[in-house]
Amino acid sequence: ITMVRVIMGVKGTGKTKQMIELINSAVHSENGNVVCIERGPKLTYDIHYKIRLVEASHYDIKSYDFLKGFISGLYAGNYDISHIFIDNLFKITGGECNQAADDFLNELERFSNATGVKFTISVSGDPALATDGMQKYL
């Protein structure tokens, strides 16, 4: 099974609600720390207090490379992280459905295989427009 999962749907399809449920159940099912990276304080009151909520705009994250480095830094500072949720990837990075997104997801999969950290990522967009590279994570 892949350790990287993408939840994709157009605005209003319940991605955030699904993410909140997954995040809150991860608190109880994961042995390690759970981190959620989001842009804007959308999830603050909906997720369990034990979740480490990271507000991306506080760190000026604007690219996949920056986000990859940021995730590596989070892990370097806390090897107990078992699951990282990224809410609305394209809003954080300014990305879209393209090769750069595929490359980022493949990087996360390599990171996951090396560390055991699971990733769940929400992406706003029509799943029919997902690249072939993204399809395998849906």
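All figures in this text were calculated on a predicted structure; none of them were measured in a lab.

**Side note on the pairing of strand E5 (residues 118-124)**
Of all the seven residues making up E5, five are buried; the element is thus mostly covered by neighbouring parts of the structure. Where strand E1 (residues 4-9) and E5 come together, six bridges link them in parallel fashion. By the bridge assignment for E5, Arg5 is matched with Thr120.

**Here's the deal with unusual backbone geometry**
Not every positive phi belongs to a glycine, and Asp60 is a case in point at roughly 55 degrees. Secondary-structure assignment places Asp60 in the loop between strand E3 (52-55) and helix H2 (64-77). In this model, Asn88 sits at a positive phi of 60 degrees, which is unusual for a non-glycine residue. Here Asn88 shows up in the loop between strand E4 (81-86) and helix H3 (89-93). On the accessibility criterion, Asn88 (18% relative accessible area) is buried.

Analysis parameters
Residue indices follow the written sequence of each chain, beginning from 1 at its first position. The model is predicted, so local features are restricted to residues of pLDDT at least 70 and side-chain atom pairs to those at 80 or more, both for listing and for counting; the totals for chains, interfaces and linings are taken over all residues. Values shown for side chains rest on all heavy atoms present in the structure; no hydrogens or waters enter the calculation. Exposure is judged per residue with a 1.4 Å probe applied to protein chains only, and the accessible area is read against the type maximum: over 50% gives exposed, under 20% gives buried, and values in between give partly exposed. Note on conventions: DSSP H or I runs of at least 4 residues are helices, E runs of at least 2 residues are strands, and numbering of each starts at the N terminus. One bridge is not enough; two strands pair if DSSP finds at least two bridges between them.

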